[in-house]
Amino acid sequence: MKSRRRWLLAGGIALLGVLVGACCSLPSYTPSFWNGSSQVQWNNNCYNYSNNKRTDTFAQPGRAAGSPWTALTCPAVDVAAVADGIQRLPASGSCPKKECKIALVVAPGWDYHWYRLDTNGMWSHKPGGTQATSLDNSSNPIASPETADRGPYTDFCGYYCSCSSKEEGQGRETIQ
Amino acid sequence: MKPFSDPRIASGRQRPRRMTRLFPIALPVAMLALLACATNGSAAQDAESGDGLQVTVMIYSGRPDPTFTIDDEATFEELRGALSAAERADFEGETVIPSILGYKGVRVENRSGVAGLPAVFLVYDGAIEVRDRGRRFLADPDRRLERSLIQEATERDVFGDDERAPGIIREDLGGPSGPVS
C-alpha cells in the first residue's frame, strides 16, 4: 500500500513537471547559444531561431507537419507554418498563452525570413547560417520588423505566436 | 466468454504492481527512443558530407543555401596557392561573414581532410577567415578568391532556376565587372 502511494506521488510529480515544462515562456536575447559552435550556427536558420528550437536541420515551415511550403509567398509560407502549429496573432495583438511573438517576411519568389521578440522588448533574428543578431541590414537595433532594413525581403506578412522557452534552443513547437 | 476470468486482473490488485515492475524498464527505453530522435538530424547531415571540399554560397535565410563539392586536385592546388599567398590581415569583427539578409559570402569546409587546406575557411568582402587549430584572418585583395569561388558556383549551375541570386551577388561584388554572368 505504501509502495503504491509512493508511486502515485512520483507519477504526480512527474506529470506536474511535464505540465510546467510544456508551458510557453519568452526567450531572452542570448545569441551565444546559436553562435557558439559551427554545428549549431550553420545548421539552424531563421525559422529555428524565431521558434527558439535547435534541430540542426535548417528547419523548413511545414516539413514537420508533412506539408512543406510550396511557394515563396506570404500565403504559402503562412499555411506551412500554421500546419506546424504556429498560430497567427489574434486580433487582440497579443499572444494568449505567454507565447513568443514572431514575424514573417518574404522576398517574393526568392526566400522567406523570420524574426522573434525577446524579453527586452526588441526584435532579433538569425539570417540563415550566420550568427544571430539584434541588428538589421543597416546595423540598427530592430524596434519593429515592419520598419527594419530587410534588404530584399520586401513583403511583411504578419505576426505569429510560437510556444518558446526561457532556455535557448528548447522551444516547444514541433518544427523540422 | 469470461471477461474477468483471471482473478489477479478481476481483483484489480495486481495491475499497479505490474506497472511498477515495468516502469524501470519502460523509462530507459523511452529515454533511448527520445535520444535517437534527437540525434537523427545530425546523423543525416553527416551522411551528406562526401570527399573533397564542400562549398556553400551563403545567400538565403530560410531556404537551404546552394552547395557544391570541389574534388579535383587542380582546384585544391589553386586554393592552397591562394591561401598561402594571402597576407595576414587585422580584422576587428568576430567573423568575416556578416549577419545580414541577402548575400553574405562563401563557406568552404574540408570535412574529408584534404591535405594542405584548413578545416574551414570563410570569404567575404576582401577578408578570409581561416579556422583550423585556432582562427586567423587573411586579406583577399579585390575579392579575388571570393570571385573565383562564385565563378565556380555559377559554372556548376548551383543557383538552378533562381535567376535573382546571381544579380544579388553581382551587385555585392561590385557591378558588372564581377565574374557572375
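Starting afresh in each chain, residues are numbered from 1 along the sequence in its written order. Chains and ligands are labelled sequentially in the order written, the chains with letters from A and the ligands with numbers from 1. Given that the model is predicted, a residue must reach a pLDDT of at least 70 before its local features are reported, and side-chain atom pairs must reach 80 or more before they are shown or counted; all residues, however, enter totals for whole chains, interfaces and linings.

### So, the interface of chain A and chain B
Then, in step 1: Contacts between chain A and chain B engage 25 residues on the former and 22 residues on the latter.
Then, in step 2: Going along the chain from the N terminus, every DSSP run of H or I of four or more residues is numbered as a helix, and every run of E of two or more is numbered as a strand. Elements that contribute at least two residues to the side of chain A that touches chain B include exactly helix H1 (2-21), helix H4 (46-50) and strand S3 (111-117) of chain A.
Then, in step 3: Among the elements that make up the side of chain A that touches chain B, the one with the highest residue count is S3(A) (3 residues).
Then, in step 4: The residue inventory of the side of chain A that touches chain B, partitioned by class, reads 9 nonpolar, 12 polar and 4 charged. For every residue pair, C-beta atoms are placed from the backbone, and the pair is scored as a contact if these atoms sit within 7 Å. Polar here means any residue outside two lists: the nonpolar Ala, Val, Leu, Ile, Met, Phe, Trp, Tyr, Cys and Pro, and the charged Asp, Glu, Lys and Arg; Gly therefore counts as polar.

### Here's the deal with the confidence of the model for chain B
Residues and elements named next belong to chain B.
Then, in step 1: The predictor attaches a confidence to each residue, called pLDDT, with possible values from 0 through 100. Averaged over chain B, the pLDDT score is 80; the fraction of residues at 70 or greater is 69%.
Then, in step 2: Confidence over residues 1-19 falls short of pLDDT 50; this stretch has 8 contacts with residues more than four positions distant or in other chains.
Then, in step 3: Every residue in residues 28-48 is under pLDDT 50, and counting partners more than four places away or in other chains gives 6 contacts.
Then, in step 4: Across the whole predicted complex the pTM is 0.81, and at the interface the ipTM reaches 0.89.

### Some remarks on helix H5 (residues 74-83) of chain A
Side chains that are three or four residues apart share a direction in an α-helix, a result of its 3.6 residues per turn.
Residues and elements named next belong to chain A.
Then, in step 1: Counting other C-beta atoms within 10 Å of a residue's own tells you its class, since 20 or more makes it buried, 12 or fewer makes it exposed, and anything in between is partly exposed; those C-beta atoms are placed from the backbone. The set of residues buried in H5 consists of Val-77, Asp-78, Ala-80 and Ala-81. With its buried residues spanning 165° around the axis, H5 presents them on a single face.
Then, in step 2: Its buried side turned inward, H5 meets strand S2 (100-107), S3 and strand S5 (155-162).
Then, in step 3: Following H5 by one or two positions, Gly-85 has its phi on the positive side, about 110°. To obtain the arc, one takes the directions from the helix axis to the C-beta atoms.

### Here's the deal with the sheet that holds strand S5 (residues 127-132) of chain B
Residue and element names in this part refer to chain B.
Then, in step 1: As summarised here, the arrangement of the 6 strands in space is S2-S1-S3-S4-S5-S6, forming an open sheet in which the pairing is antiparallel. Only two strands of the sheet have a single partner each, and these edge strands are strand S2 (67-70) and strand S6 (134-139). Taking each pair of neighbouring strands and ignoring which way they run, the sheet shows an average axis angle of 20°.
Then, in step 2: When DSSP finds at least two bridges between two strands, those strands are taken to pair. Taken together, the 4 bridges between strand S1 (residues 53-57) and strand S3 (residues 106-109) define a ladder with antiparallel strand orientation. Looking at S3, one finds that Thr-56 is bridged to Arg-107. Here an axis means a line fitted to C-alpha atoms, over the contact stretch when the element is a helix, while the angle between two N-to-C directions is reported on a 0 to 180 degree scale.

### Digging into the pairing of S3(B)
All names here are of chain B.
Then, in step 1: In S3, alternate side chains face the same way, and those of Val-106 and Val-108 on one face and Arg-107 and Glu-109 on the other are all buried.
Then, in step 2: Two elements, S3 and strand S4 (residues 120-124), share 4 bridges in a ladder whose sense is antiparallel. Bridge pairing in S4 places Arg-107 opposite Leu-122.

### Here's the deal with the environment of B:Glu87
Residue and element names in this part refer to chain B.
Then, in step 1: Counting through the fold element by element, Glu-87 comes out in the loop between helix H3 (73-85) and S3.
Then, in step 2: In this structure Glu-87 comes out as exposed when scored by C-beta crowding, with 8 C-beta atoms within 10 Å.
Then, in step 3: As for Glu-87 and Arg-144, which are separated by 57 residues in sequence, their C-alpha atoms are 13 Å apart.

### Thoughts on the nonpolar core
Then, in step 1: A set of buried residues qualifies as a nonpolar core if it consists of Ala, Val, Leu, Ile, Met, Phe, Trp, Tyr and Cys joined through C-beta atoms within 7 Å. One finds A:Val77, A:Leu104, A:Val106 and A:Trp114 to be the most contacted residues of the largest nonpolar core, which totals 35 residues.
Then, in step 2: Taken together, the elements giving at least two residues each to this core come down to H4, H5, S2, S3 and S5 of chain A.
Then, in step 3: Considering every element that reaches this core, the biggest residue donor is S2(A), with 7 residues.
Then, in step 4: Beyond its immediate sequence surroundings of up to four residues, A:Trp114 is in contact with A:Cys46, A:Tyr47, A:Ser50, A:Ile102, A:Ala103, A:Leu104 and A:His125.
Then, in step 5: With 26 residues, the next largest nonpolar core counts B:Met58, B:Tyr60, B:Val106 and B:Val123 among its residues.

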